[in-house]
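Structural overview
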Amino acid sequence: MSEIIIKEGKRIVPDEVTIPYIEGDGVGAEITPVAQKIIDAAVKKSYNGNRRIKWKEVLAGEKAFNKTGSWLPDETLEAFKKYRVGIKGPLTTPVGGGIRSLNVALRQDLDLYVCLRPVRWFKGVVSPVKEPQKVNMFIFRENTEDIYAGIEWQQGTPEASKLLRFLENEMGVKKIRFPETSSFGIKPVSVEGTERLIRAAVQYALDNNHPSVTIVHKGNIMKYTEGSFKLWGYDLAEREFGKHVFTMLRYEKIKKEKGTEAADNALNEAKKNGKIIIKDVIADAFLQNTLLIPEEYSVIATLNLNGDYISDQLAAMVGGIGIAPGANINYTTGHAIFEATHGTAPAIAGKNIVNPSSLLLSGVMMLSYLGWKEAGERITASLEKTLASHKATIDLARFMDKAETLSTTQFGEAIINNL
């Protein structure tokens, strides 16, 4: 048996586990085998050969279309469902009709409601900010609602006209400035979708000893969607994690009843007792604060669009998306797909110069998810040692002083040598 099973809410991982993988389009053919080779070496070294991954290739993207005529064959989805945990390289999105995005299709079909993006700096990587070492955050981005639901109608279509008539005649909407030339989009935000995301974020902070969870939102403008996301999030944290957390709503209540000093004392006491602080911040203020006081933030819980902006800005602050890993997870069913966060990069595909770190670090996340943390920590330490010695692929080496520029495969071998 090489399948992961869920027993009493816990993942049971066999020592020989089958992991489906999608090689990916463009540079995927270069980064995937390098990442796999490093992961295999780290697993072997960490567990003396007693654990191993059986890689099972499944098809998606251009490679799938060329071989099967389908961009996303049913067999691929079935493999991810059966084996629960998988990893993928970057995929091309088909142009024109059909699937809007292969990534979206995978996430929605498996209900992978959390997009988890950890962001940290590696010594030796040149950053545009003065103190990148202060950036150490874990973004929990809601993956199924908000703009990701894709509910839109193009300007000039009968559907857009029908919606416009409904809004104006049935709902009394008078605020559409140019109604006849407007396209429309609807962003759903639900209690259930909010609660499962916040639950995952708080549990992650609890399991990994992180000091705070920050709910990032635009509730000052979108009061019934993003504003509710904030309030529902606070309520969930209080209701399900009350003895482990201290929320800033509680702080405000104490402040109103007993004054600022009493509220400050309660907050300081909570911190001293190791409670997780649950706070919130408006999205635009948060983006500014990440540049000014990044050390104030740890675990971030946010909706889809905000999470997109936040993830990419933070990645830029630590050296770029080439070293930014990501995962899409359903913590209830145990299904998870780990992925490179960058695109297919067709301009450099086949040149053996692409940085494999995004996919590799996603593999580290996968190992941690499997409970094989020692192998993941070994890879992270080796990557940091390699970069600190000013050995890197061209995307990072060009900014370093006296760097040794390595090819994709050379960089992989350097990491293996430093394991």
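A brief report on the enclosed structure follows. Predicted, not measured: the structure shown is a model, and the values here were computed from it.

1. A short note on the pairing of strand S5 (residues 85–88)
The side-chain alternation of S5 yields two buried faces, one formed by Val85 and Ile87 and the other by Gly86 and Lys88. The pairing of strand S3 (residues 16–22) with S5 spans 2 bridges and is parallel. Note that in S5 the partner of Tyr21 across the bridge is Ile87. Taken together, the 4 bridges between S5 and strand S15 (residues 336–340) define a ladder with parallel strand orientation. Directly across from Lys88, in S15, lies its bridge partner Glu339.

2. A few points about the packing of helix H6 (residues 191–207) against helix H7 (residues 226–241)
Pairs of packed helices are described in terms of their axes, by the angle between the two and the distance that separates them. Two numbers describe how H6 lies on H7: the axes approach to 9 Å, and their chain directions differ by 55°. Considering their axes alone, H6 and H7 lie oblique with respect to each other. The element H6 and its partner H7 pack so that their crossing is right-handed. Of the residues in H7, those touching H6 at Val191, Thr194, Glu195, Leu197, Ile198, Arg199, Val202, Gln203 and Leu206 are Phe229, Trp232, Gly233, Leu236, Arg239, Glu240 and Phe241.

3. Overview of the packing of helix H10 (residues 283–292) against helix H11 (residues 304–317)
Where H10 meets H11, the axes come as close as 11 Å, and the angle between the chain directions of the two elements is 10°. Of the possible angle classes, the one that applies to H10 and H11 is roughly parallel. Between H10 and H11, the contacting residues are Ala283, Phe286, Leu287, Thr290 and Leu291 on the first element and Asn306, Ile310, Gln313, Leu314 and Met317 on the second. Partitioning the contact of H10 with H11 into residue classes produces 7 nonpolar, 3 polar and no charged.

4. Remarks on empty space enclosed by the protein
Applying the stated criterion across every chain yields a total of 2 cavities of 30 Å³ or more. What lines the largest cavity is Tyr21, Thr32, Ala35, Gln36, Ile39, Trp55, Ile87, Lys88, Gly89 and Leu359. Listed by contribution, the elements that provide at least two residues to the lining of the largest cavity are helix H1 (28–47) and S5. Considering every element that reaches the lining of the largest cavity, the biggest residue donor is H1, with 4 residues. Among the residues making up the lining of the largest cavity, the classes are represented as 6 nonpolar, 3 polar and 1 charged.

5. Describing the pattern of salt bridges
For the coordinates displayed, the defined rule picks out 23 salt bridges. With a shortest N-O distance of 2.7 Å, Arg52 and Glu16 are connected by a salt bridge. With a gap of 36 residues between them, Arg52 in strand S4 (residues 52–57) and Glu16 in strand S3 connect regions that are remote in the sequence. On the accessibility criterion, Arg52 (43% relative accessible area) is partly exposed. Accessibility expressed as a relative area gives 32% for Glu16, which makes it partly exposed. As a salt-bridge pair, Glu78 and Lys81 come within 3.8 Å of each other at their nearest N and O atoms. Of the two residues, Glu78 and Lys81 are both situated in helix H3 (residues 74–83); the distance of 3 residues between them amounts to about one turn of the helix. Within the structure, one salt-bridge network assembled from shared partners comprises Glu23, Glu57 and Lys63.

Definitions and limits used
Residues numbered from 1 in each chain as written. Predicted model: local features only at pLDDT ≥ 70, side-chain atom pairs only at ≥ 80, totals over all residues. Heavy atoms only, no water. Buried < 20%, exposed > 50% of the residue type's maximum accessible area, 1.4 Å probe, protein only. Helix = DSSP H or I, 4+ residues; strand = E, 2+ residues; numbered from the N terminus. Pairing = 2+ DSSP bridges. Axes fitted to C-alpha atoms, helices over the stretch in contact; angles between N-to-C directions. Parallel < 35°, antiparallel > 145°, perpendicular 65-115°, else oblique. Left-handed = near helix turned anticlockwise from the far one by under 90°. Contact = heavy atoms within 4.5 Å. Nonpolar A, V, L, I, M, F, W, Y, C, P; charged D, E, K, R; others polar. 1 Å grid on protein atoms, 1.4 Å probe; cavity = no way out; pocket = protein on both sides within 12 Å on 5 of 7 lines; lining within 4 Å. Points joined across faces, edges and corners; volume = space filled by probe spheres on them. Salt bridge = Lys/Arg side-chain N within 4 Å of Asp/Glu carboxyl O.

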